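Fold and contact review
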Amino acid sequence: MAHRGSNLTSENISCSICLDLLKDPVTTSCGHSYCLDCIKGHWDAEDGKRIYSCPQCRKTFTPRPVLEKNILLAELVEELKKTGLEAAAADHCYAGPEDVACDMCTGRKRKAGKSCLVCLISYCENHLQPHYDLAPLKKHQLVEPSKHLEENICRHHDKLMEIFCRTDQQLICYLCSVDEHKGHDTVSAAAERKQKQKKLEESRLNIHQRIQDREKDVKLLQQELEALIVSADKTVEHSEEMFTQMICLIQKRSSEVKQQIRSQQEAEVSRVQELEEKLQQEISDLKRKDAELKQLSDTSDHSQFLHNYPSVSALSESTHSSSISIRPRRHFEDVRAAVEELRDVLQDVLRDTWTNISLAITDVDVLLSEPMTRAEFLKHSREITLDPNTAHRRLLLSDGNRKVTSVYQPQSYPDHPDRFIYCRQVLSKESLTGRCYWEVEWRGEVVFVAVSYKNISRTGGRCESLFGSIDKSWSLHCDTNSSVFRYNDTKTPVSYPQSSRIGVYLDHRAGVLSFYRVSETMTLLHRVQTSFTQPLHVGVGLYGSGSTLEFIKPE
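Residues numbered from 1 in each chain as written. Predicted model: local features only at pLDDT ≥ 70, side-chain atom pairs only at ≥ 80, totals over all residues. Heavy atoms only, no water.

A tally of regular secondary structure across the chain gives 12 helices and 23 strands. Its C-alpha radius of gyration of 48 Å places the chain more than 25% over the 24 Å reference for a compact globule of 555 residues. For the C-alpha atoms alone, the extent of the chain along its principal axes is close to 175 × 90 × 35 Å. Split into buried and exposed, the 555 residues of the chain put 30% on the buried side. For the chain, long-range pairs separated by at least 24 residues make up 54% of all intrachain contacts whose partners lie at least 6 apart in sequence. (Helix = DSSP H or I, 4+ residues; strand = E, 2+ residues; numbered from the N terminus. Rg over C-alpha atoms; globule rule 2.2 N^0.38 Å. Buried < 20%, exposed > 50% of the residue type's maximum accessible area, 1.4 Å probe, protein only. Contact = heavy atoms within 4.5 Å.)

Right, let's get into the sheet that holds strand 7 (residues 142-143). Spatial ordering of the open sheet is given by 6-5-7, a layout of three strands whose pairing is antiparallel. Edge positions in the sheet fall to strand 6 (121-123) and strand 7, since each has one partner strand and no second. Bridging between strand 5 (residues 114-116) and strand 7 involves two bridges; their strand directions are antiparallel. Bridging across to strand 7, C116 finds its partner in L142. Most of the contacts of helix 5 (residues 125-133) go to strand 6, to which it runs at about 110°, and overall it touches strand 5, strand 6 and strand 7. (Pairing = 2+ DSSP bridges. Axes fitted to C-alpha atoms, helices over the stretch in contact; angles between N-to-C directions.)

Before going further, it helps to examine the pattern of salt bridges. In the structure shown here, the tally under the stated rule is 19 salt bridges. Close ionic contact of R253 with E256 constitutes a salt bridge, the shortest N to O distance being 3.2 Å. In this pair, R253 and E256 both sit in helix 8 (residues 189-297), three residues apart, roughly one turn of the helix. In this structure, the salt-bridge partner of R271 is E268, at a minimum N-O distance of 3.0 Å. (Salt bridge = Lys/Arg side-chain N within 4 Å of Asp/Glu carboxyl O.)

Our next topic: the confidence of the model for the chain. Residue-level pLDDT values for the chain average 86, and 91% of them are 70 or greater. Note on residues 1-6: pLDDT under 50 across the span, and eight contacts to partners over four residues away in sequence or across chains. (pLDDT = per-residue confidence, 0-100.)

Here we take up the pairing of strand 18 (residues 490-493). Where strand 17 (residues 483-487) meets strand 18, four bridges bridge the pair, whose relative direction is antiparallel. Following the sheet pairing, V484 is matched in strand 18 by P493. If you look at the hairpin formed by strand 17 and strand 18, you'll find two residues sitting between the two strands, and N488 has a positive phi there, around 55°.

A separate point is the packing of helix 8 against helix 9 (residues 302-313). Two elements in contact, helix 8 and helix 9, have axes separated by 10 Å at closest approach and are oriented at 165°. Taken together, the axis directions place helix 8 and helix 9 in an arrangement best described as roughly antiparallel. The way helix 8 lies across helix 9 gives a crossing that is left-handed. Two secondary-structure elements touch here, helix 8 through K289, E292, L293, L296 and S297 and helix 9 through F305, N308, Y309, S311, V312 and S313. (Parallel < 35°, antiparallel > 145°, perpendicular 65-115°, else oblique. Left-handed = near helix turned anticlockwise from the far one by under 90°.)

Right, let's get into the sheet that holds strand 15 (residues 446-452). Read from one edge to the other, the open sheet built from six strands follows the order 13-22-15-16-17-18, with strand pairing classed as antiparallel. If you trace the sheet from one side to the other, it starts and ends with strand 13 (425-432) and strand 18, each paired once. Across the sheet, the mean angle separating the axes of adjacent strands is 20° when strand polarity is ignored. Both strand 16 (residues 473-479) and strand 17 contribute to a ladder of five bridges, which runs antiparallel. Following the sheet pairing, H477 is matched in strand 17 by V484.

Next up on the list: the packing of aromatic side chains. A full pass over the atoms with the stated rule returns 12 aromatic pairs. When the ring of W474 is compared with that of Y487, the centres are 5.1 Å apart and the planes differ by 10°; the resulting orientation is stacked. Remark: Y487 occurs in strand 17 and W474 occurs in strand 16; sequence separation between them is 13 residues. Since its relative accessible area comes to 2%, W474 is described here as buried. (Phe/Tyr/Trp six-rings, centres within 6.5 Å; stacked < 30°, edge-to-face > 60°.)

Membership of the largest hydrophobic core comes to 36 residues, with the highest contact counts inside it found for W438, W474, L513, L549 and F551. Ignoring sequence-local partners within four residues, the contact set of F551 consists of I384, L386, R402, W438, E439, V440, V538 and V540. Among the nonpolar cores identified, the runner-up in size contains 18 residues, and I13, Y34, W43 and L73 belong to it. (Core = buried A, V, L, I, M, F, W, Y, C linked by side-chain atoms within 4.5 Å.)

In this section: helix 3 (residues 71-82). Compared with the 16 Å implied by 1.5 Å per residue over 12 residues, the 17 Å span of helix 3 between its first and last C-alpha is a close match. Residues of helix 3 that are buried: L73, A74, L76, V77, E79 and L80. (Expected span 1.5 Å × (residues − 1).)

This part covers the side chain of R402. Among the structural elements, R402 can be located in the loop between strand 11 (395-398) and strand 12 (403-406). E383 provides the closest opposite charge to the buried, unpaired R402, separated from it by 4.0 Å. With near-sequence residues (within four places) excluded, R402 lies in contact with E383, I384, T385, L549, E550, F551, I552 and K553. (Lys, Arg positive; Asp, Glu negative; His and termini not counted.)

Looking now at helix 2 (residues 36-44). Turning to helix 2, its buried residues are C38, I39 and W43. Buried positions in helix 2, seen along its axis, are confined to an arc of 125° and lie on one side of it. Turning to helix 2, the residues buried within the fold contact strand 1 (25-27), strand 2 (33-35), strand 3 (52-53) and strand 4 (60-61). (Arc of directions from axis to C-beta.)

Next up, the structure:
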């Protein structure tokens, strides 16, 4: 055991978490060893993630491993404590390559305990004693051991630099203060240190506060990740259950269709077979009658022929028509067509709903940060089309319902309960949730760029249906001279650099609605932080004949 321990050092059997000798050492399956309490504490912090990792190689384990004490390592640690560390303690007082050596020692030099800024010499504890005992030396300034004492000496005058020149922001000696730095703002190095120390403490307090804030953020992120994992697991489970129910329903309908087809097949086969049997029987009877008539016809005796003719020649009435009418052979083709129609309907429904499901999945995020550049905004761009059933009759839609123009002549739109009656407004077909971005180009007198709940009044006057007049819509009102944001009839002036293109960013879940001036850069015009309770629709209002607004396709 002694021989084995002779090659050990405290570094190669230390815990990488606490950096101390292993206590109750345990070893993971990846081969790294830790103190039992250290690795338990590390994995306790990862309990929320349900994935446990090795602090050194980052290998992950699921579930949490059960750890057993490493008896061999425990014995080696005890041996090192008795041998290696004792030898290291004997060498501890001597200077190594990285240590400051005592300038007074001869032979093997000891570690310096202090450096003297007056003597410009570093002393070990033995040679430092006179500085504690002798009155003249007690006045010397002792500092932590330093290898750079010469940096405290003025290169020009070979004097100790004890003065700080605030004008030139540098340390100087006494002779410098009366020579080249004469008339400068100078203080003692200790006074400057005191002032800067105060600022340093303020910086440290600021750093500590930021650390606390970041730790809170980390804790919040950990809680959010745990909630995300739980929510994802529940959603996967729920989705599988829903899809299973849909599959079961389709399978049930398939089974019912199959059963009805087989039942109808059986009924029709039975009816056809019954008719076929009757026809076969009639054919047999007719053949037998034909044989009797032939026999009578072949009789040479006239008397016998005439005697038997009345009973043989009489034919029984047929129970069936002379021919069977067969429908065109399209057996169950209508059923196939109906099933194919159902398939097409389901494909359309799945395609449309899958788009919504996919958008809802990709919209899930933990960090609700708002985009900064136009390229980042365009990642969330949505194609917007206007709903003709909502358009006021003095609004003309064109270009695939992506452009709207205010006109004098009323349009011949049919009556519809969703149509705006008094306000020249129109809503989009698309309902918006998640994160969306769109851009509009406008010209004319007055334009409203808005979002609104679908249940906004269509027949009320300006106080009930005008975008921004009630708490169901948010609107940016733009004209050639100014811009105003309106919500619930509260008006907020907007500092508006003139621009014909406006970008709108919506983060429905975060309750963020932002309007931007789009040019070479994105300039924020107004930002709303609220809580949306329903899906939103894009709204447009136009006043003044000839005013136009068009939704721009992202480039």
